[in-house]
Amino acid sequence: MTILPIVLYPNEILEQECEKVTDFDKKLAKLLTNMYDTMIEADGVGLAAPQIGVKKQIAVVDIDDHHGTIEMINPVILEVDGNQTGPEGCLSFPDLYGEVERPYKVKIRAQNRKGGFYELEAKDFLARAILHEIDHLHGVLFTTKVSRYLTEEELEKEEA
């Protein structure tokens, strides 16, 4: 288990377009495992490669035991539908939270750690987490989408 250092804003890698992954090898598998361990250790629900200083289109999302771990390599958004507004935070912005509007449903196509393609449909909080991580891969930060920043008290009320 390797916990990687999380890149904090204003590091420039966080606002850069990431490169597509072309090598699906043991190095990639190890990176995905380390990203997952890092995300869990940091109490996050998603982590994108630029957040650990790697400029590649790689992200992991794990919101609960029901959905399991989702590894997204070179993800592409195929469809979005509806909208939702809710609180978001980011491991690259410790203790900063804001209300963000995102689609309620998303359908993506991505590759797994072996290079195989898959499609995934998600809604509600899972869709929010997936879209947040895909944004990271294109240099888009959640702070550019915040309609209102939340205080610690407001965040606790939202979660209650």
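Residues numbered from 1 in each chain as written. Predicted model: local features only at pLDDT ≥ 70, side-chain atom pairs only at ≥ 80, totals over all residues. Heavy atoms only, no water.

Re the pairing of strand β7 (residues 117–123)
Two faces, one strand: in a regular strand the side chains alternate between the faces of the sheet. Going by this rule: A pair of strands is labelled paired if DSSP reports no fewer than 2 bridges between them. Numbering of helices and strands runs from the N terminus, with a helix taken as a DSSP run of H or I at least four residues long and a strand as a DSSP run of E at least two residues long.
As defined by bridge partners, strand β6 (residues 105–111) adjoins β7 across seven bridges and the pair is classed as antiparallel. By the bridge assignment, Arg 109 is partnered in β7 with Glu 119. Counting the residues in the hairpin turn of β6 and β7 gives five residues, including Gly 115, whose phi is positive at 95°.

Observations concerning the UniProt feature "active site" (unreviewed entry) in the protein
Here is the rule we go by: UniProt positions are given in the numbering used here, feature names are shortened, and annotations may be inferred rather than shown by experiment. Each residue gets one of three labels from its accessible area relative to the maximum for its type: buried under 20%, exposed over 50%, partly exposed in between, using a 1.4 Å probe on protein chains only. Note on definitions: a residue-residue contact is assigned when non-hydrogen atoms from the two residues lie within 4.5 Å.
Taking the UniProt record as the reference, the feature "active site" (unreviewed entry) is found at Glu 133. Tracing the sequence through the fold places Glu 133 in helix α2 (residues 124–137). On the basis of relative accessible area, Glu 133 is assigned to the buried category, the value being 4%. Glu 133 has contacts with Gly 46, Leu 47, Ala 48, Gln 51, Ala 59, Val 60, Val 61 and Met 72, leaving out every residue within four places of it along the chain.

What about the UniProt feature "binding site: Fe cation" (unreviewed entry) in the protein?
Rules: Lining residues are those with an atom within 4 Å of a point, where the points come from a 1 Å grid over the protein atoms alone and group into cavities, where a 1.4 Å probe fits but cannot get out, or pockets, open sets with protein on both sides within 12 Å along at least five of seven lines.
Here, the residues flagged by UniProt with the feature "binding site: Fe cation" (unreviewed entry) are Cys 90, His 132 and His 136. Spatial clustering of the annotated residues is evident: they stretch over 47 residues in sequence, but the largest pairwise C-alpha distance comes to 10.2 Å. The subset of the named residues that lines the largest pocket consists of Cys 90, His 132 and His 136. With respect to the secondary-structure elements, His 132 resides in helix α2.

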